[in-house]
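# Secondary and tertiary structure notes
Chain residues, written in single-letter form:
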Amino acid sequence: MTTMHGAQGQHAANQPNNLAKNTHDRELVERAQLGDTEAFGELIAAHRDKARQWAERMTQDPHMADDIVQDALIRAFLHLGSLTDSTRFLPWLHKIIRNQAAMRLRRGGPYRHEQPFTAFESVKRSSPKSGFAKGAASSNSSSVNWDDLDSILHHLSKGGRQAASVGESVHDDPAEQLLRKEMFETIHVLLHCLNRKERQIFEAYFFKQCSPETIAEMYETTTGTVYTYLHRSRRKLREAHNVNVYFQGLQPIRGGSVMTRKKQIHLPPWSREQMAANSLVDRVAQLLAALDDPRPMAQLMGLSGFAFRMKISNRTTYADGLYIYDWRQVIPQFLAKLGYEATILCGQLSGMPVPLLGAAERFPVVFPIEESVLPFIRKYIDQGMPLLYFDTLAERPYVHEWSLVYGYDDEQRVIHLTDRMSAQGKTLRYDDVTDNPLRFLVGIDGKQTNHPESTTLQANLNALHFAVQYARQGCSYSPTTVYLSYSSGLAAYERWIGFMHKDAGVMPNRYGMSQLSLVYGEAKRQAAQYLRESFIEGEPMRLLLLGAEAYDQAAEAFEQISARMPFGSSQSISASPQTELLAACSTDLSTARDFEAAAISYIEKALLLWETERI
């Protein structure tokens with residue numbers, strides 16, 4: 001009896017929690033149906049583990065389950081509008097996964113054309129003479145079938161084995177030869193976990209250097225399917241038997257030394273009072289401080305152009321407008337103005353939902369393997385250089401933000417990085433870094449040999465010309481994806497104000513509203529401070545000071561919006577703003593627009609007068 005009462009009491013206690021969770025899910029579904037990718041991402045974060053459990057129970061194969069969940073989530077995202085009852089998201093998702101699993105199993109189940117990982121040892125014990133494939137048994141390079149992966153790998157492994165045993169080259173380190181021989185043999189064994197189609201596509205892409213489009217034509221399929229095959233093959237190889245031994249832990253370098261196992265760089269303290277709302281510029285400021293090169297935040301915001309940028313989605317008030325610019329061009333140019341040379345590593349994973357699709361779509365498609373990203377991190381950390389990193393696992397209320405990587409630990413398999421919500425920073429697993437759907441890292445290679453542009457008058461004049469051009473003409477960068485478009489410059493105000501009207505047919509995104517007003521409000525403050533730096537004289541300087549006053553007024557209007565919808569509050573990610581609140585925000589935005597337009601006019605006149613006086 002006591003047990004029954006206890007169970008009933010527990011059930012009663014769980015009911016409010018379940019009700020709140022269902023209500024929250026319903027709100028997220030409704031926001032996602034309006035195109036809110038942040039809400040969809042939160043839905044998936046909450047239910048991905050459950051979805052994977054369903055798929056694994058249906059297939060009894062963890063790798064097939066991963067593929068099924070990935071395909072199911074893509075279909076869910078594309079067809080969310082067909083869900084008529086927002087309270088039925090989980091049953092609807094379960095049905096999609098069940099259908100995907102049934103389709104996969106109808107094709108033959110998990111092992112019809114592929115070997116499970118438990119078969120590795122038996123394959124590894126097989127004699128080379130027994131042959132893994134046609135043409136693999138010959139040791140003569142002239143008889144190698146260079147169109148067949150097995151034949152190539154067998155030839156290379158045998159050559160490596162012979163070289164290691166007889167010391168074929170006095171210039172090669174025997175330890176390296178042995179490692180090379182073991183690596184080839186391991187890859188040879190591991191590739192038998194792939195089915196025939198996966199192996200064919202893998203060979204065509206990595207060994208024959210065929211493009212995904214060419215492979216799609218060869219196999220009469222779509223490019224997306226080719227990427228899916230490659231992604232699945234990479235995942236299976238990465239997780240296979242002891243592969244990390246060969247690709248991480250035992251990498252000797254010339255001279256016989258061994259790769260450093262862990263290292264952390266000491267970062268200077270960075271208080272919340274020092275932080276800028278624009279996380280990219282903020283992280284650059286902290287990076288420079290770590291290199292004993294502190295810069296005023298207003299100077300960084302002005303020279304980078306972020307003090308004058310403003311971009312709004314044409315669909316609703318998403319926060320993604322903050323990130324839609326040409327990263328591969330803008331960031332290295334910004335660092336060059338500060339006197340530094342940099343190298344970037346960028347890419348996007350195939351077949352994964354990326355909230356910042358407009359920023360990532362022109363990046364090359366990369367694969368989730370540690371060898372493509374961890375050496376880059378180790379290289380710069382070993383040199384004492386923190387790296388810029390785009391973190392899609394930022395602590396809430398942030399969804400994705402720029403951070404600094406300042407350490408790694410091969411034993412714990414984690415990197416150390418900053419997080420805006422934690423003064424102590426945080427760690428990310430190597431798997432999290434590898435699986436980041438939007439890969440972007442920037443390493444500083446050193447100072448430029450010439451005089452840094454940031455100390456010249458011309459650099460500041462260029463920044464002012466950028467401010468005028470951006471305000472009048474908008475941003476030249478735009479996504480090629482047809483369903484993503486943005487308004488920028490002064491035109492962004494008109495788009496934003498239009499979302500505030502109840503007859504606009506668009507539901508404003510409250511989370512985006514709160515973050516956009518915070519970031520752009522602070523940007524106007526920094527623009528004002530930048531204009532007050534007296535890098536030109538006379539009447540042009542007076543006009544710039546008037547522009548600074550106008551930017552301060554624009555900043556106050558944005559701060560009114562932030563006060564009504566504080567970023568990070570529980571309300572900032574809940575239901576859409578009410579009509580009265582939207583009307584007040586519309587008034588504030590109109591005020592900010594008018595003052596920024598005035599500021600741009602003052603800058604324009606100052607530049608014209610300055611250039612006229614120089615003639």
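Look up: the structure comes first, before these words.
The following refers to the structure shown. All values derive from a computational prediction rather than experimental measurement.

A few words on the packing of aromatic side chains. With the rule as written, the count across this model stands at 19 aromatic pairs. Both rings, one in phenylalanine 363 and one in phenylalanine 440, keep their centres 5.6 Å apart while their planes meet at 25°; by these two values the pair is stacked. Residue phenylalanine 363 is located in the loop between helix 15 (357-360) and strand 4 (365-366), and its partner phenylalanine 440 is located in strand 9 (residues 438-447); the two are separated by 77 residues in the primary sequence. Ring centres of phenylalanine 390 and tryptophan 402 lie 5.0 Å apart, and the angle between their planes is 70°; this geometry places the pair in the edge-to-face category. Residue phenylalanine 390 is found in strand 5 (residues 387-391), and its partner tryptophan 402 is found in strand 6 (residues 401-409); the two are separated by 12 residues along the sequence. Take tryptophan 402: its relative accessible area is 3%, and that puts it in the buried class. A network of ring pairs unites the aromatic residues Phe306, Tyr323, Tyr325, Trp327, Phe363, Phe390, Trp402 and Phe440 as a single cluster.

Along the chain, serine 403 falls in strand 6. Filtering out sequence-adjacent residues up to four positions away, serine 403 remains in contact with Arg283, Leu387, Leu388, Tyr389, Asp391, Leu417 and Thr418.

Cis geometry marks the peptide bond from arginine 396 to proline 397, where omega comes out at 15°. As for its position among the elements, proline 397 is in the loop between strand 5 and strand 6. At aspartate 292, a position not held by glycine, the phi torsion is positive, near 60°. The residue aspartate 292 is located in the loop between helix 12 (279-290) and helix 13 (297-304) in this model. For arginine 413, which is not glycine, the phi dihedral falls at a positive 60°. Considering the arrangement of structural elements, one finds arginine 413 in the loop between strand 6 and strand 7 (414-419). Arginine 413 sits in the partly exposed class, given a relative accessible area of 23%.

With that out of the way, let us pick up the pattern of salt bridges. Think of it this way: side chains of opposite charge can pair up when their charged atoms draw near. Tallied over the full model, the rule gives 20 salt bridges. Measuring nitrogen to oxygen at the nearest pair gives 2.3 Å for the salt bridge that ties aspartate 282 to arginine 283. In this structure, aspartate 282 and arginine 283 share a single accessibility class: buried. Its salt-bridge partner being arginine 525, residue glutamate 559 comes within 3.0 Å of it at the nearest N-O pair. With glutamate 559 in helix 21 (residues 538-564) and arginine 525 in helix 20 (residues 510-532), this residue pair connects regions lying 34 residues apart in the sequence. Judged by its relative accessible area of 36%, glutamate 559 is partly exposed. A network of salt bridges, in which partner residues are shared, links Arg525, Arg532, Glu549, Asp552 and Glu559.

Rules and cut-offs
Residues numbered from 1 in each chain as written. Predicted model: local features only at pLDDT ≥ 70, side-chain atom pairs only at ≥ 80, totals over all residues. Heavy atoms only, no water. Phe/Tyr/Trp six-rings, centres within 6.5 Å; stacked < 30°, edge-to-face > 60°. Helix = DSSP H or I, 4+ residues; strand = E, 2+ residues; numbered from the N terminus. Buried < 20%, exposed > 50% of the residue type's maximum accessible area, 1.4 Å probe, protein only. Contact = heavy atoms within 4.5 Å. Salt bridge = Lys/Arg side-chain N within 4 Å of Asp/Glu carboxyl O.

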